[in-house]
Amino acid sequence: MTTTVRPPLTQPQQPGSAPEPQLRGTSVLSRVGTQLKERPARSLATIGRTAELTVEVLRYTFVDLVRMRLPMGEVVDQMWTLLKVTSLPALLMAIPVGAEVAVEVGGIMNQVGANSLAGAASGLGVVGQGAPMAAGLLMSGAAASAIASDLGARSIREEIDAMRVMGVDPVERLVMPRLLAMVAIAPILCIIIVAAGVFAGLIISANVNHVVPGSFWASFGAFATTTDLAFSVLKALVFAVIVVLIASLRGLEAKGGPKGVANAVNASVVLSVFCIFVMNLLITQLQTMFFPDRLA
């Protein structure tokens, strides 16, 4: 009678071989090292493609403007579409912004007996920082997602490739009208937020902190200048350009079906918010350097 010897289910560890946990740790470290090497190159490539898209949009805008071939119908349609998704949220965001500034600053001013400066707080807080940041975040949340989802859906359906085959540049046909539309409605959103935020601050200051409305407007006019309003609108315009370029690039490069569209929308919103905060810091620093705050 013969006995069959079965091989062991696991191979015995050879002398000098590394244990399995160490191999896993080495694999993780190698992946981390690979990502650290590839991420900077991919980030630089993305910045380069964004710069190339910016140049193309500016070139098409200038050429079509000189030739009087701007697609005004498409621009108006995009303005109406973007205004529908941003105007009401802008109004709803402006009221808490102005009320929060009035509540936070009003309590401190009551303690030091400077209720008459409540308008100055609304002028510097809402006009200088609150309104452009609220407009930028609103555009990055609502408008960027709408643009990225629209262009991403066209990309996964191969409409973008079909347009290129027919000799139609999607940058001129799709991106440029959206950029012009967003630039056109950005000052409107900023002014809406400024007006609603200041009036919300006035109502809170008058009814909660017992500030005289005349004193509120006097301090508001003394500290909030036309330069602050101009920089606020300028920030909104810069934010609009950033949002459209990032959302358009992510939408045109979307791949992988509906999941790719979702990833494009997510990336466009996150990158837009990050760039808006950085650009707001830079513009505010330039304003402080060349136009310091002073009484009007």
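Throughout, residues of each chain are indexed from 1 in the direction in which the sequence is written. Where local features are concerned, this predicted model is filtered to residues with pLDDT of at least 70; where side-chain atom pairs are given and counted, the filter is 80 or more; whole-chain, interface and lining totals use all residues. Side-chain descriptors were evaluated using all non-hydrogen atoms of the structure, hydrogens and water having been removed beforehand.

## With respect to the pattern of salt bridges
Applicable threshold: The working definition used for a salt bridge is a side-chain nitrogen of Lys or Arg within 4 Å of a carboxyl oxygen of Asp or Glu. To qualify as a helix, a DSSP run of H or I must reach at least 4 residues; to qualify as a strand, a run of E must reach at least 2; elements of each kind are numbered from the N terminus. Using a 1.4 Å probe on the protein chains alone, a residue whose accessible area is under 20% of its type maximum counts as buried, one over 50% counts as exposed, and one in between counts as partly exposed.
In this structure the tally under the stated criterion is seven salt bridges. The residue E253 makes a salt bridge to R49 at a minimum N-O spacing of 2.6 Å. In this pair, E253 sits in the loop between α7 (226-252) and α8 (258-290) while R49 sits in helix α1 (residues 20-66), placing the two residues 204 residues apart along the sequence. The exposure class of E253 is partly exposed, given its relative accessible area of 30%. The salt bridge involving D161 is made with R164; its shortest N-O contact spans 3.7 Å.

## With respect to the packing of aromatic side chains
Working definition: an aromatic ring pair is given by the centre-to-centre distance plus the angle between the planes. The condition is simple: Here a Phe, Tyr or Trp ring, Trp counted by its six-membered ring, pairs with any other such ring whose centre lies within 6.5 Å, and the pair is stacked when the planes are under 30 degrees apart, edge-to-face when over 60, and tilted otherwise. Our definition puts a charge over a ring when NZ of Lys or CZ of Arg is within 6 Å of the ring centre and also within 35 degrees of the ring normal.
Going through the model one piece at a time under the given rule, you end up with four aromatic pairs. Ring centres 5.8 Å apart and planes at 70° place the aromatic pair F199 and W217 in the edge-to-face group. Of this pair, F199 sits in helix α5 (residues 170-207) while W217 sits in helix α6 (residues 213-223), placing them 18 residues apart in sequence. Here F199 falls in the partly exposed class, since its relative accessible area comes to 48%. For W217, a relative accessible area of 34% corresponds to the partly exposed category. A centroid spacing of 5.7 Å and a plane angle of 90° characterise the contact between W217 and F220, whose relative ring orientation is edge-to-face. Residue W217 and its partner F220 are located together in helix α6, separated by three residues, close to a single helical turn. When the ring centre of Y60 is taken as reference, the NZ or CZ atom of R59 above it lies at 4.5 Å.

## With respect to the environment of S140
Where we set the bar: We call two residues in contact when some of their heavy atoms are within 4.5 Å.
Along the chain, S140 falls in helix α3 (residues 118-156). When residues no more than four places from it in sequence are discounted, the contact partners of S140 are S145, V243, V269, S272, V273 and I276.

## Comments concerning α6
To keep it simple, the criterion reads: It is the directions from the helix axis to the C-beta atoms that the arc portrays.
Three or more residues of α6 are buried, namely F216, S219 and F220. The arc that holds the buried residues of α6, viewed along the axis, is 105°, so those residues lie on one side.

## Some words on the nonpolar core
Stated formally: The definition of a nonpolar core used throughout is a set of buried Ala, Val, Leu, Ile, Met, Phe, Trp, Tyr and Cys residues joined through side-chain atoms within 4.5 Å.
M139 and M182 are the most contacted members of the largest nonpolar core, which totals 56 residues. If you list the elements that add at least two residues to this core, you get α1, α2 (72-112), α3, α4 (159-165), α5, α6, α7 and α8. No other element matches α5, which puts 16 residues into this core. For M139, the contacting residues outside a window of four places in its chain are A144, M182, A186, L189, A236, F239, A240 and V243.

## Here we look at α5
Selection criterion: Helix span is expected to be 1.5 Å times the residue number reduced by one. The angle separating two fitted axes, one through the seven residues that finish at a residue and one through the seven that start at it, defines the bend at that residue. In the analysis that follows, any N or O atom pair within 3.5 Å is treated as a polar contact, provided that within protein one partner can donate a hydrogen and the other can accept it, and provided that, for residues neighboring in sequence, both atoms belong to side chains.
Taking 1.5 Å of rise per residue, 38 residues should cover 56 Å, and α5 covers 53 Å from first to last C-alpha, within 8% of that figure. Approximately 30° is the largest bend angle found in α5, and it occurs at M176, with the proline P177 only one to four residues beyond. Near the N-terminus of α5, the side chain that reaches the backbone nitrogen of V171, with its oxygen 3.0 Å away, is that of D169.

## A word on a nonpolar patch on the surface
Spelled out, the test is: Note that patches include only residues with greater than 30% relative accessible area and no salt bridge, and the join distances are 9 Å for like charges and 5 Å for nonpolar side chains (Val, Leu, Ile, Met, Phe, Trp, Tyr). Using a 1.4 Å probe, accessible areas were evaluated by the Shrake-Rupley method; residue-level cover was limited to the displayed protein chains.
Nonpolar side chains collect at one region of the surface, where L88, L91, L92 and I95 lie side by side and expose about 370 Å² of accessible area between them. When you line up the elements, I95 lands in helix α2. When its relative accessible area of 43% is taken as the criterion, I95 is described as partly exposed.

## What about the packing of α7 against α8?
Rules: Angles here are taken between N-to-C directions and fall from 0 to 180 degrees, while the axes themselves are lines fitted to C-alpha atoms, restricted in helices to the stretch in contact. Any angle from 65 to 115 degrees is called roughly perpendicular, while one under 35 is roughly parallel, one over 145 is roughly antiparallel, and all others are oblique. The sense of a crossing depends on the near helix, which, turned anticlockwise from the far helix by less than a right angle, makes the crossing left-handed and, turned clockwise, makes it right-handed. Residue polarity is assigned by list, with Asp, Glu, Lys and Arg as charged and Ala, Val, Leu, Ile, Met, Phe, Trp, Tyr, Cys and Pro as nonpolar; anything else, Gly included, falls into the polar class.
Close contact between α7 and α8 brings their axes to 9 Å; oriented N to C, the two are set at 150°. When the axes of α7 and α8 are compared, the pair comes out roughly antiparallel. The two elements α7 and α8 cross, and the hand of that crossing is right-handed. Of the residues in α8, those touching α7 at T227, D228, F231, K235, V238, F239, I242, V243, I246, A247, R250 and G251 are A264, A267, S268, L271, S272, C275, I276, M279, N280, I283, T284 and Q287. Here the residues of the contact of α7 with α8 sort into 14 nonpolar, seven polar and three charged.

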